[in-house]
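Geometric and topological summary
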Amino acid sequence: MKISTLLDQIDNGQTALPEFQRGYVWNRDQVRSLMTSLYKRYPVGSLLSWATDASKVGHRGDQHLNAGTVNLLLDGQQRITSLYGIVRGKPPAFFDGDERAFTDLFFNVETEEFSFYMPSRMANDPKWISVTRLMAEGSEEMTKSLPDSGEISIDDLSSILNRLNRLRDVRDIDVHVEQISGEDKTLDVVIDIFNKVNSGGTKLSKGDLALARICSTQPDARVCMRQALEDWKAQGFHFSLDWLLRCITTLTTNEARFVFIHDLDGEQFIRGLNKAIKHISYLLDVIGDRLGLDHQQVLTGHYAFPVLVRYIEEQGGKIGDETSLKAMLYWYIHSAIWGRYSGSTESVLSRDLDILLDNQPDGIQALIQELALWRGSLKVRADHFSGHTRGNRFYSLLYMLTRVGAAKDWGLGIALKKNMLGSNSGLELHHIFPKHRLRAFGYDRKQVNSLANFCFLTKGSNLSISNRLPVEYFEEVRENYPDALQSQWVPLDESLWQIERYPDFLKARRELLAQATNALLDELYHFDESVEPLAAPAPERDIPGGIDSEEEEQQLRELQVWLQSQKLPDGELEYELTNQQTGEPQAILDLAWPEGFQPGLDEPAVLLLNENSSLILAANKAGYQVFEEIDKLKRYVAEHILDDHYAVLPDWAQHLSKDAIPVAEWVMDNNLPEPVVGHDVQNSSRSVVGSFELAWPEHKVGIWTNQGRANPIPETLVGWHLYSLEEVSKAPTLLTQRLKEASVA
């Protein structure tokens, strides 16, 4: 079937995507490679479609399908979507992804190179032709202005027309479409076929498979779920589709495994979806109001929600008495701080659901007993606050203590409660002992960033304290607001306020924090640990990693802003890496992408700044692609995902040839002087006889290509050190050595 025919079938509703297909995930490099292969008439693989009754299967998007049989693409979605976007200049109706991947593809009529639009290379160069415009307007229209530009001769015009016609004719290339059909090709069979033919691509998760079966009869289900996720995101909570589906599964089937949802019909699922959304929103309101956990970073226990949703359903949609509500919150806090669902989530959820349902009406109490048997003890000890990052689970506990207790702001004296309103409602993290003063005194980064050195203040108060030591500002706070220090669990022994006694200050404050936590938990629910003999609790283990300084955090947040501007996931700050079998935390990763930069397409990635080799090895063993420098991560993204090598280069490098980019990166990585790009070489008569790709006139160092090389070398270059681009690319240390020698001279 011709590509143009296939695109027409998409327009008229004969070809679509099945609901279980994931969205568009290709990057620009893959699109460019596809077009290059088609232009060169290389094979690009066959397609696989499923011929089925349009009325009996769900499809993606709001596309109107023809009555009767419709062809649903099982293999080839990424290729056909890319071609549709390039040829039509817009995404197809079933599109779900980033259309920039196929927007603004250009073709060089001279070099026959495909590249995405870059103003620095193409703005004033008529040899670069928009592929989409070519498809719409034709070859002759695109070449009308070429002879007038002076860049192309009349003699070359014929070969250029041939190239453009060859490119436009990719629409008429035949691709083989293999079709499966028949009554025996049920949805289950087709999904199994899909996963087999996509073995090299994005396989469907168990959640995808379950949702696919539901969407075959309730095509709006996925849309409703995504809308709920967007609504929660607007409130500061970031949940996944699989997480919401897990909540629906436990609510409707009393089971944790997705396989049990297969027995539901579409109407049962929609009722369960609506109830789950309502129950989750109720839980967020309760946890926010009672515990002050009001945004994603501090809501560490949201993987307990599938159990809680089932419990809320058992209670008729809300908890009617204070005692039950407090017991639920007690269990929720413990499940969060001990990481109950950090390991083999499905099996642990199944066990806890059974305990909940088998012990009604005392299911929550039974779950608390199970936690105690699992943990050995539910008492919080001082050493539990020995962590040193915001990725630590006890960071959330510190925030919760601040929001639910009597904690007061040190600059305004106001209570920092969860329902605090007005311009001061947002809290900032404050280091009680300033970081740079501690570092200057010789304390290491773990001590500097200890949880016991953290508190929360309003922004104005945080700024007003600035970098003063406690011995310099505590007395002022105590004079203005006598009980404000102890309200934030500060030891009142003034000798501990001296920087020399900082370790003792941390030890004393950890004791106060543990006491406050246990008091809060006992107020919610009294659990008598003497009822049954419990195993001795294990000592708290130090968890490596985490953000080292404000400077590091600022760099990471700037990187996140850059990634957002590229419409890529911005990653998770201080992500907890856990053992998938035991759930035990292994490390805190500075900035992580657990599902990769392109979820479903590439491997997990992590950025680790100034971390030791053992942490880097742990991330590698966990399957993460590790970056240790921000610039190198950005270059990887630019080259492998955006297909724009120039996206992260400075202004001076925007006009370099692609072959010179590695040299430019070497210059930046080694802090070498900024070169002049395109420096003209003149002879003694001031005639231009050559051109350097990169030059350092003050150091008399130049790099040129074969095209720019002066032949013969003019006398004006006597004393210069001349290199070819090829030799510097192979041995860039030559450049480093020469420039350093020239600087010394």
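Scroll up to find the structure.
The structure contained in this document is the topic of the report that follows. (Residues numbered from 1 in each chain as written. Predicted model: local features only at pLDDT ≥ 70, side-chain atom pairs only at ≥ 80, totals over all residues. Heavy atoms only, no water.)

A count of helices and strands for the chain gives 30 helices and 17 strands. Projected onto the principal axes, the alpha-carbon positions of the chain cover approximately 95 × 80 × 45 Å. Across the chain, contacts joining residues at least 24 apart in sequence account for 65% of those joining residues at least 6 apart. On the chain, roughly 33500 Å² of surface is accessible, and the fraction owed to carbon and sulfur atoms is 46%. (Helix = DSSP H or I, 4+ residues; strand = E, 2+ residues; numbered from the N terminus. Contact = heavy atoms within 4.5 Å. Areas by Shrake-Rupley, 256 points an atom, 1.4 Å probe, with all protein chains shown as cover.)

A few words on the sheet that holds strand β6 (residues 128-130). Read from one edge to the other, the open sheet built from three strands follows the order β5-β4-β6, with strand pairing classed as antiparallel. With one partner strand each, in any of the chains shown, β5 (114-116) and β6 form the two edges of the open sheet. Ignoring which end each strand starts from, the neighbouring axes of this sheet average 40° apart. Relative to β6, strand β4 (residues 105-108) runs antiparallel, the two sharing three bridges. Within the sheet, the bridge partner assigned to Phe-107 lies in β6 and is Ile-129. (Pairing = 2+ DSSP bridges. Axes fitted to C-alpha atoms, helices over the stretch in contact; angles between N-to-C directions.)

Here the focus is the environment of Ile-465. Mapped onto the elements, Ile-465 comes out in helix α21 (residues 459-465). Taking the relative accessible area as the measure of exposure, Ile-465 reaches 4% and is therefore buried. In sequence terms Ile-465 and His-238 are 227 residues apart; their C-alpha atoms lie 33 Å from each other. With sequence-adjacent residues up to four places away left out, Ile-465 is seen in contact with Trp-410, His-430, Leu-457 and Tyr-473. (Buried < 20%, exposed > 50% of the residue type's maximum accessible area, 1.4 Å probe, protein only.)

Under the definition given, this model contains 37 salt bridges. Between Asp-98 and Arg-100 there is a salt bridge whose closest N-O contact spans 3.2 Å. Judged by relative accessible area, Asp-98 falls into the partly exposed class, the value being 23%. The salt bridge involving Asp-289 is made with Arg-290; its shortest N-O contact spans 3.9 Å. A relative accessible area of 42% places Asp-289 in the partly exposed class. Given the relative accessible area of 29%, Arg-290 is considered partly exposed. (Salt bridge = Lys/Arg side-chain N within 4 Å of Asp/Glu carboxyl O.)

Attention shifts here to helix α13 (residues 266-291). Counted at 1.5 Å a residue, the expected span for α13 with its 26 residues is 38 Å, and the 36 Å between its end C-alpha atoms agrees. The N-capping residue of α13, defined by a side-chain oxygen 3.2 Å from the backbone nitrogen of Glu-267, is Asp-265. Positive phi shows up at Gly-292, right after α13, with a value of about 75°. (Expected span 1.5 Å × (residues − 1). Polar contact = N/O pair within 3.5 Å; in protein donor to acceptor, adjacent residues only side chain to side chain.)

Taken together, four strands build an open sheet; the order of strands is β10-β11-β12-β13 and the sheet is mixed. The strands lining the two open edges of the sheet, one partner per strand, are β10 (572-578) and β13 (625-627). Adjacent strand axes in the sheet meet at a mean angle of 50°, parallel and antiparallel pairs treated alike. With three bridges connecting them, strand β11 (residues 585-593) and strand β12 (residues 605-607) associate as antiparallel partners. From the neighbouring strand, Trp-593 faces β12, where its bridge partner is Ala-605. In this fold helix α26 (residues 613-621) packs onto β10, β11, β12 and β13, with an angle of close to 80° to the strand it touches most, β11.

Turning our attention to the packing of helix α12 (residues 241-253) against helix α14 (residues 305-314). Relative orientation of the contacting elements α12 and α14 amounts to 35°, with a least axis distance of 8 Å. Of the two possible hands of crossing, α12 and α14 adopt the one that is right-handed. Counted together, Trp-243, Arg-246, Cys-247, Thr-250 and Leu-251 of α12 and Phe-305, Pro-306, Val-309, Arg-310 and Glu-313 of α14 form the full contact between these two elements. When grouped by side-chain class, the residues that make up the contact of α12 with α14 number six nonpolar, one polar and three charged. (Left-handed = near helix turned anticlockwise from the far one by under 90°. Nonpolar A, V, L, I, M, F, W, Y, C, P; charged D, E, K, R; others polar.)

Here six bridges tie strand β14 (residues 676-682) to strand β15 (residues 688-696), and the two strands are oriented antiparallel to one another. Each bridged residue has a counterpart across the sheet, and for His-679 the counterpart in β15 is Phe-692. Linking β14 to β15, which pair antiparallel, is a turn of five residues; within it Arg-686 sits at a positive phi near 65°.

The subject of this paragraph is the packing of aromatic side chains. Under the defined criterion, the tally for this structure stands at 34 aromatic pairs. Considering the side-chain rings of Trp-331 and Tyr-341, the 6.4 Å spacing of their centres and the 65° angle between planes classify their relative orientation as edge-to-face. One end of the pair, Trp-331, is in helix α15 (residues 322-337); the other, Tyr-341, is in the loop between α15 and α16 (345-358), with 10 residues separating them in the sequence. Tyr-341 matches Trp-331 in its accessibility class, with the two residues each being buried. With a centroid separation of 5.3 Å and 70° between ring planes, the pair formed by Phe-385 and Phe-394 is classed as edge-to-face. For the pair formed by Phe-385 and Phe-394, the shared burial category is buried. Ring-pair connections join several aromatic residues into one group, and the members of that group are Trp-232, Phe-237, Phe-239, Trp-243, Phe-305 and Tyr-332. Positioned above the aromatic ring of Tyr-39, the side-chain terminus of Arg-166 is 5.7 Å from the ring centre. Taking NZ or CZ as reference, Arg-246 lies 4.1 Å from the ring centre of Phe-258, over its face. (Phe/Tyr/Trp six-rings, centres within 6.5 Å; stacked < 30°, edge-to-face > 60°. Lys NZ or Arg CZ within 6 Å of the ring centre and 35° of its normal.)

Here we take up the environment of Leu-577. Here Leu-577 is to be found in strand β10. On a C-alpha basis, the gap between Leu-577 and Ile-543 in space is 9.8 Å, while along the polypeptide they are 34 residues apart. The contact partners of Leu-577, leaving out residues within four places of it in the chain, are Glu-584, Pro-585, Gln-586, Ala-587, Leu-589, Ala-618, Ala-619, Ala-622 and Tyr-624.

What follows is about unusual backbone geometry. Between Gln-360 and the following residue, Pro-361, the backbone shows a cis peptide bond with an omega angle of 10°. With respect to the helices, strands and loops of the structure, Pro-361 is situated in the loop between α16 and α17 (363-375). One non-glycine residue, Trp-489, lies in positive phi territory at about 60°. Looking at where Trp-489 falls in the secondary structure, it is placed in the loop between α23 (484-487) and α24 (502-524). Of note, Arg-686 is a non-glycine position whose phi angle comes to about 65°, a positive value. Along the polypeptide, Arg-686 turns up in the loop between β14 and β15.

On to the side chain of Thr-250, then. Looking at the element boundaries, Thr-250 is found in helix α12. Thr-250 has contacts with Glu-255, Ala-256, Pro-306, Arg-310 and Leu-353, leaving out every residue within four places of it along the chain.

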